[in-house]
Amino acid sequence: MSSHASDKFVYHEPGLQHQFEDMKQQEESVSIGMWMFLVQEIMFFGGLFTVYLVFRSKYPMAFAAGSNHLDAFWGGLNTLVLIVSSLTMALTVYYAQKGNRNMQVVLILLTMFFGAVFLGVKAIEYTSKYEDGLVPVAGLNKKVKENPNAEHGAAQAKPCYEMGHGAEHTYINPRGEFQWVDCSLVKVAEKGGFLTPEEKIGYYSNGDIDADKFRDKVRIFYWIYFVMTGLHALHMIVGIGLMTWLLWTAWKGTYSHDYFAPVEMSGLYWHFVDIVWIFLFPLLYLLGRHFLH
Amino acid sequence: MSEKHIESGEGHIAIPGYLGVFAVLVVGTILTYWAATKDMDWIFPGANTLVALLIAFTKMTCVMLFFMHVYWSPKLIWLSAIASFFWLAIMFAYTMQDYLTRSSGVFST
């Protein structure tokens, strides 16, 4: 005697969960759920982009000065690394649909490798910020005591607007505070006549360019830089975690023509993180780059 | 469109298509850097950023349509993707209509 109440034969796809009518409905439900998650991620990063927009519209020259100090080579390299990882991810989904286990495993490993390269480059960049005194939290920068034998006042002879980009200066930072010496861009904007009303107040004391006030505005840029790239790096770490799980399940041959939703959804997440970087690269690394060329 | 929605992966652009999108993204990245080094302030101050954002939006559209398969997805996915940018635009617009008008106009000090 059959355990089924109905004697009609109903075909079930092997990958179909019981709460869905058919495979199409299941796939649509899964992707709409993932997209809802991504929409809130866009709003999450969007809040930070709003902060960026507000402060950059107030102090564009301080942002340009801070951005000029970021290494566009590393930033550009990381953009390319992420684009390659997005390609390998897209191909992973392609081969998952084809049920090709070996190609899936190879491409997931490649995606993880490029993700790790990205984080490695980020670590190099953060280290250089630490050594240059550009971490906006006092005490978190490299501490260098003043040399008692050095002549006093020799380094501070020039005003900040004559320092110029990449000017040599001795790094003395006994308390590990945020440091900034170059405010030459304020002079450039002054001559060009494009200082914003906030800048005319925010960079000057008694009509003179105030190095400390300018430094504090550059510090805002570095706060935004560290929070946004840090949050992005955190997403990369989560992504590599997802890839590890995906690697294990793909190794076991879980995915096929009929069931590949986890690969596709992890792919959506990975591409989203790539898109965030596509915006972070020009907005953080390339501001005011034309002042240097 | 449900007819357009793929169930077997056949509708996707396959490997040459993915490589083509990849090439567009690489060219876009190089173009972004190149454009940033050119002084466009003669158009209006900040024109460089506008160009950078236009390239970034193009790159994003490519990733979303083809890598994220939005092109072959149901209308509901299109709606979600577009709506998120609509909400973002509301956040930007209403924040900036405050900040940009604080020191000017009839109510300024």
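For clarity, every value in this text was computed on a predicted model and none was experimentally measured.

Caption draft 1: Structural view of the overall build of chain B. Regarding its fold elements, chain B presents three helices and zero strands. Taken from N to C terminus, the helices and strands of chain B fall in the order α-α-α. Every one of the 109 residues in chain B was classed for burial, and the buried ones make up 20%. Long-range contacts, defined as pairs at least 24 residues apart, comprise 52% of the intrachain contacts of chain B with a sequence gap of at least 6.

Caption draft 2: Representation of the domain arrangement of chain B. Each domain of chain B was delimited in the assignment, giving domain 1 (1-73) and domain 2 (75-109). Domain 1 of chain B puts four residues into the contact, and the matching count from domain 2 of chain B is four residues.

Caption draft 3: Highlighting unusual backbone geometry. Unusually for a residue other than glycine, Asn206 of chain A sits at a positive phi of about 50°. Examined against the element boundaries, Asn206 of chain A turns out to sit in the loop between strand 1 (204-205) and strand 2 (208-209). With 5 C-beta atoms packed within 10 Å, Asn206 of chain A lands in the exposed category. Of note in this structure, His69 of chain B is not a glycine but carries a positive phi near 65°. Tracing the sequence through the fold places His69 of chain B in the loop between helix 2 (47-67) and helix 3 (75-99).

Caption draft 4: Molecular detail of helix 2 of chain B. Between its first and last C-alpha, helix 2 of chain B extends 30 Å over 21 residues, near the 30 Å set by a 1.5 Å rise per residue. If you check which residues of helix 2 of chain B are buried, you get Asn48, Ala52, Ala56, Lys59, Met60, Val63, Met64, Phe66 and Phe67 of chain B. Looking at the buried positions of helix 2 of chain B, the neighbouring elements they touch are helix 3 (72-98) and helix 8 (261-285) of chain A together with helix 1 (14-37) and helix 3 of chain B. Downstream of helix 2 of chain B by one or two residues, His69 of chain B has phi in the positive range, about 65°.

Criteria and thresholds
- Residues numbered from 1 in each chain as written.
- Chains lettered and ligands numbered in written order.
- Predicted model: local features only at pLDDT ≥ 70, side-chain atom pairs only at ≥ 80, totals over all residues.
- Helix = DSSP H or I, 4+ residues; strand = E, 2+ residues; numbered from the N terminus.
- Buried ≥ 20, exposed ≤ 12 C-beta atoms within 10 Å, placed from the backbone.
- Contact = placed C-beta atoms within 7 Å.
- Domains from an automatic or database assignment.
- Expected span 1.5 Å × (residues − 1).

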